Amino acid sequence: MVTRADSPLSCDTYDYVKRPSEKCRYVVGSVLCEGEEKPDEELQKLYEKFGFKVFSLPEVSHAVTTSFPCTTNLSYMLGPYRVYPRLTSYIE
């Protein structure tokens, strides 16, 4: 479980092969707290000061997740080519 503010979060809700890019949706951010915890007020104010929106996500009952090691700058380009086809295959 992720509970630190420096923990990244990305939610993609699209099929990048079948949908045009202008109809794709995603959220990228940080987890400030989890469950019934309250976020650190000072940290939340800092996020809001720099234009970030703070909101709560509903509890997830089922999710498909993946990870890819980022060891070099090329990892960010190679990762999607390896991960997305496998995710798509699993979901179908």
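A brief look at the structure comes next. (Residues numbered from 1 in each chain as written. Predicted model: local features only at pLDDT ≥ 70, side-chain atom pairs only at ≥ 80, totals over all residues. Heavy atoms only, no water.)

Scanning the chain from terminus to terminus reveals two helices and two strands. Each helix and strand of the chain, ordered N terminal to C terminal, gives the series β-β-α-α. Every one of the 92 residues in the chain was classed for burial, and the buried ones make up 11%. Taking all contacts inside the chain whose residues are at least 6 apart in sequence as the whole, residues at least 24 apart take part in 39%. Put simply, the chain shows about 8500 Å² of open surface, and 56% of that area lies on carbon and sulfur atoms. (Helix = DSSP H or I, 4+ residues; strand = E, 2+ residues; numbered from the N terminus. Buried < 20%, exposed > 50% of the residue type's maximum accessible area, 1.4 Å probe, protein only. Contact = heavy atoms within 4.5 Å. Areas by Shrake-Rupley, 256 points an atom, 1.4 Å probe, with all protein chains shown as cover.)

With a side-chain oxygen lying 3.1 Å from the backbone nitrogen of Glu42, the N-terminal cap of helix α1 (residues 41–49) falls on Asp40. Where α1 terminates, the next one or two residues include Gly51, which has phi positive at roughly 90°. (Polar contact = N/O pair within 3.5 Å; in protein donor to acceptor, adjacent residues only side chain to side chain.)

All told, the structure shown has one aromatic pair when counted by the stated rule. With a centroid separation of 5.4 Å and 55° between ring planes, the pair formed by Tyr47 and Phe52 is classed as tilted. Taking the relative accessible area as the measure of exposure, Phe52 reaches 49% and is therefore partly exposed. (Phe/Tyr/Trp six-rings, centres within 6.5 Å; stacked < 30°, edge-to-face > 60°.)

There is a patch of nonpolar side chains on the surface, built from Val27, Phe55 and Leu57 and spanning about 280 Å² of accessible area. Tracing the chain through its elements places Leu57 in the loop between α1 and α2 (75–91). With a relative accessible area of 47%, Leu57 lands in the partly exposed category. (Patch = residues over 30% accessible without salt bridge, like charges linked within 9 Å, V, L, I, M, F, W, Y side chains within 5 Å. Salt bridge = Lys/Arg side-chain N within 4 Å of Asp/Glu carboxyl O.)

Attention now goes to the environment of Val64. Checked against the element boundaries, Val64 lands in the loop between α1 and α2. Residues Val64 and Leu87, 23 residues apart in the sequence, show an inter-C-alpha distance of 7.7 Å. Each residue touching Val64, except ones within four places of it in the same chain, is listed here: Leu87, Tyr90 and Ile91.

Attention now goes to α2. Here α2 contains 17 residues, and its C-alpha end-to-end distance of 23 Å stays within 8% of the 24 Å for a straight helix at 1.5 Å per residue. Within the span of α2, buried status applies to Ser75, Gly79, Val83 and Leu87. (Expected span 1.5 Å × (residues − 1).)

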